[in-house]
Amino acid sequence: MLRSTFFCLQLLWLLPLQAFQVDEVDIHGSLSQSYLKTHGHEFLIPGSQDGALDYTELTLNAHKQFDRWNIGVQGLSRDFGREGDFELRLDWGHVEYNALDALSLRFGRVKLPFGLYAEYRDVDMARTEIFLPQTFLPEDYRGGAVAYDGLGVAGDIALGETQLLQYHLFWGTNSIKDDFFLNFLTQDIYESSTAIAAGALFPGSSAFPGLSQDQAVLDTKSLRGGQVVWTYEPWLWRLGYNFLHYIGHFPLMAYDLKNFGGVGTPSVVLDERGLELDIMWHILSTDLVLGEWFLRAETMLRYNDYTQGDLFMDRFAGPGGVTSNLANGDELWSWYFSAQRQIFDNTGIYARFGKSMMTKETPRAASTNQLSELSVGVRYDFNQHVLGKLQAFHYWDYRGALDQATNQDKSWGMLLARVTVHF
Amino acid sequence: MKLHLIAFLSLVMVIDLYGDIVVVGGKNFPTENLTEASLKRLFLGHLSFYEGERVQLHQIEGDLLKDFCKKFLQVSMSNYERRWARRIFTGKGRVPRTYKTSSDMLKSLAESEHGLAFVDSNVELPAGVRVIPIIKGD
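Computed from a predicted structure; not experimentally measured.

(A) Looking closely at the nonpolar core. Ranked by internal contacts, the top residues of the largest apolar core, which has 78 residues, are Val23(B), Val24(B) and Leu42(B). Broken down by element, this core gets its largest block of residues, six residues, from helix H4 (residues 77–90) of chain B. Residue assignment places this core across two domains, with domain 1 (1–87) and domain 2 (101–378 + 395–413) of chain A each supplying three or more. In this structure, Val24(B) is in contact with Leu109(B), Ala117(B), Phe118(B), Val119(B), Leu125(B), Val129(B), Arg130(B), Val131(B) and Ile132(B), ignoring residues within four places of it in sequence.

Pasting the structure below:
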């Protein structure tokens with residue numbers, strides 16, 4: 001893997017990189033290779049404390065436009081710790097009809113607006129930092145806010161000569177598969193529940209080599225949301241509001257292990273209700289360009305209501321085996337602000353501070369999502385098609401999802417370096 | 001007559017503010033001139049239609065683009081490139097066509113339906129391409 005990654009990088013470096021057209025179809029692509037090293041905590045990639053190169057992304061897109069129609073598709077191949085393994089996925093692919101600036105219809109897999117930056121979280125060229133704020137767009141919960149499969153209505157409305165109003169409403173579903181979060185959840189529930197329920201098995205986890213990983217998929221019932229962004233153009237000052245409503249089912253099955261011989265899938269089902277998720281997000285965002293400065297801030301409230309079968313409730317059983325919470329729900333508040341400056345034509349620096357905290361906790365939620373983050377970084381553009389980045393993080397008061405699976409260190413650091421080649 | 005003369009002189013002064021760069025359009029570009037605000041909206045990707053027609057942007061790599069960003073759009077070239085990278089890699093709309101030489105670009109512009117571009121003011125314009133004066137202010 002490592003050898004092939006370096007080969008690809010060397011090859012792209014040598015190529016005369018230029019976006020090109022084939023029969024009026026625009027072709028663009030990118031390749032990123034990252035190095036990640038953590039101190040005091042293993043994060044995302046097994047062995048990250050020793051330094052890891054197991055983080056590579058490759059995109060290739062094609063786009064054609066005729067009259068008022070846009071058709072485009074982008075493939076994303078990713079290797080990131082336990083995620084991806086260079087599996088080629090459809091990142092986005094849609095048909096868009098532009099009636100005019102104020103009204104366009106999009107159908108297909110479309111990048112999902114979630115704050116002002118989530119749509120291009122994989123577009124390394126578009127920003128100074130490598131990871132977006134982990135208080136806001138955590139990499140271990142990535143799958144939920146990448147794209148939607150459905151219908152979108154969007155438009156840009158000019159308000160006089162100095163103001164612009166952009167909107168995007170959408171309805172559909174999405175695909176969340178092989179996510180860090182799913183791997184964590186299945187493993188966590190299994191490990192806890194086997195002790196309590198005396199032998200229940202939850203397929204889909206990497207902890208079970210005999211069962212298919214394909215079952216570690218969230219079954220999204222509905223995904224809908226919208227975004228409104230107002231821009232004062234002379235200052236390039238934006239104010240945005242977002243909402244997102246997710247309803248889904250995590251189809252975990254609990255099997256009786258007592259009479260299970262260890263071959264194939266056990267036949268006796270103890271609990272098939274799994275986990276029902278109903279999550280709502282509200283996000284406020286703003287950013288501003290002031291000469292060479294770029295300032296931005298976002299805040300988010302997440303309301304999480306979920307219900308689950310009895311066996312999952314045993315996961316949270318109190319003393320004597322009495323289930324303490326028959327209905328679950330939690331609330332999360334996150335925010336961050338960031339200051340970025342372009343110090344030379346080809347060099348930009350930034351600093352960022354953010355925090356996420358539970359405002360309403362349950363026994364389950366208390367163990368996840370809490371984080372304080374301080375991050376600084378630099379971006380250097382070697383030329384128009386090659387750039388390098390360095391980003392350092394310090395985390396404290398950390399109670400993230402993967403934390404339980406690895407260690408309980410609440411304060412730790414991370415260094416990320418990345419080279420990206422694009423055309 | 002007097003008013004026409006004042007308007008003409010104002011226009012000449014405005015064009016001069018932008019130095020050695022002129023904005024040019026294809027033969028069917030739907031207006032005789034553009035306000036600076038409209039030009040910024042088009043080149044920053046805020047809008048892609050002008051007077052009901054979809055505009056195709058053209059640009060040349062290098063220092064001319066850098067000067068254009070600074071003088072006409074009041075953003076750095078890095079800011080400009082990042083804006084368009086977002087659109088390219090999220091599948092949003094029509095991005096500017098980029099050329100290595102002004103002759104290649106002008107040839108394409110002359111053939112385009114509603115094309116808009118910028119060139120060095122000393123470059124000779126081919127048939128089918130005309131200067132689009134930019135009116136300072138809103």
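Now that the structure has been shown, we can carry on.
(B) Just the pairing of strand E5 (residues 83–100) of chain A, in detail. All names here are of chain A. One ladder, built from 11 bridges, connects strand E4 (residues 69–80) with E5; its direction is antiparallel. When the sheet's bridge partners are listed, Arg78 is paired in E5 with Glu87. Hairpin connection, E4 to E5: the antiparallel pair is bridged by two residues, and Gly81 has positive phi, about 60°. Sheet analysis places E5 next to strand E6 (residues 103–111), joined by seven bridges and oriented antiparallel. Of the residues in E6, the one forming a bridge with Leu100 is Leu103. What sits between E5 and E6 in their antiparallel hairpin is a turn of two residues.

(C) Region of interest: the sheet that holds strand E1 (residues 21–26) of chain B. All names here are of chain B. Taking strand neighbours across the sheet as the criterion, the five strands line up as E6-E5-E7-E1-E8 in an open arrangement whose pairing is mixed. Across the chains shown, the open sheet's two edge strands, defined by having one partner strand only, are strand E6 (97–99) and strand E8 (129–131). Shown here is a sheet whose adjacent strand axes are inclined to one another by a mean of 30°, direction ignored. Inspection of the sheet shows E1 paired to E8 by three bridges, in the antiparallel sense.

(D) Looking closely at the interface of chain B and chain A. Listed per partner, the contact involves 24 residues of chain B and 32 residues of chain A. Elements supplying a minimum of two residues to the side of chain B that touches chain A: helix H2 (36–43) and H4 of chain B. A breakdown of the residues in the side of chain B that touches chain A according to their chemical character gives eight nonpolar, 10 polar and six charged.

(E) Spatial organisation of the confidence of the model for chain B. All names here are of chain B. Residues at a pLDDT of 70 or more form 85% of chain B, whose mean pLDDT is 86. Within chain B, helix H1 (residues 2–17) has the poorest average pLDDT of any element, 51, and strand E7 (residues 115–120) the best, 96. Throughout residues 9–16 the model reports pLDDT below 50, and contacts reaching past four residues in sequence, or to other chains, amount to five contacts. On the interface metric, ipTM, the complex scores 0.83, and its pTM is 0.84.

Thresholds, definitions, all that
- The residue count restarts for each chain, going from 1 along the sequence in the order it is written.
- Written order determines the labels here, with chains lettered from A and ligands numbered from 1.
- Per-residue local features are limited, in this predicted model, to residues with pLDDT of at least 70; the limit for side-chain atom pairs, both in listing and counting, is 80 or more; totals at the level of whole chains, interfaces and linings are taken over all residues.
- A set of buried Ala, Val, Leu, Ile, Met, Phe, Trp, Tyr and Cys residues, joined to one another through C-beta atoms within 7 Å, is what we call a nonpolar core.
- Every C-beta atom is placed from the backbone, and the number of other C-beta atoms within 10 Å of a residue's own sets its class: buried at 20 or more, exposed at 12 or fewer, partly exposed in between.
- Counting from the N terminus, the helices are DSSP H or I runs at least four residues long and the strands are E runs at least two residues long.
- Segmentation of the chain into domains, including their bounds, is taken from an automatic or database domain assignment.
- A pair of residues counts as a contact when their C-beta atoms, built from backbone coordinates, are within 7 Å of each other.
- Strand pairing is assigned whenever DSSP identifies at least 2 bridges connecting the two strands.
- Between N-to-C directions, angles cover 0 to 180 degrees, with each direction set by a line fitted to C-alpha atoms, over the stretch in contact for helices.
- Gly falls in the polar group here, along with every residue not listed as nonpolar (Ala, Val, Leu, Ile, Met, Phe, Trp, Tyr, Cys, Pro) or charged (Asp, Glu, Lys, Arg).
- A score between 0 and 100, pLDDT records how confident the predictor is in each residue.

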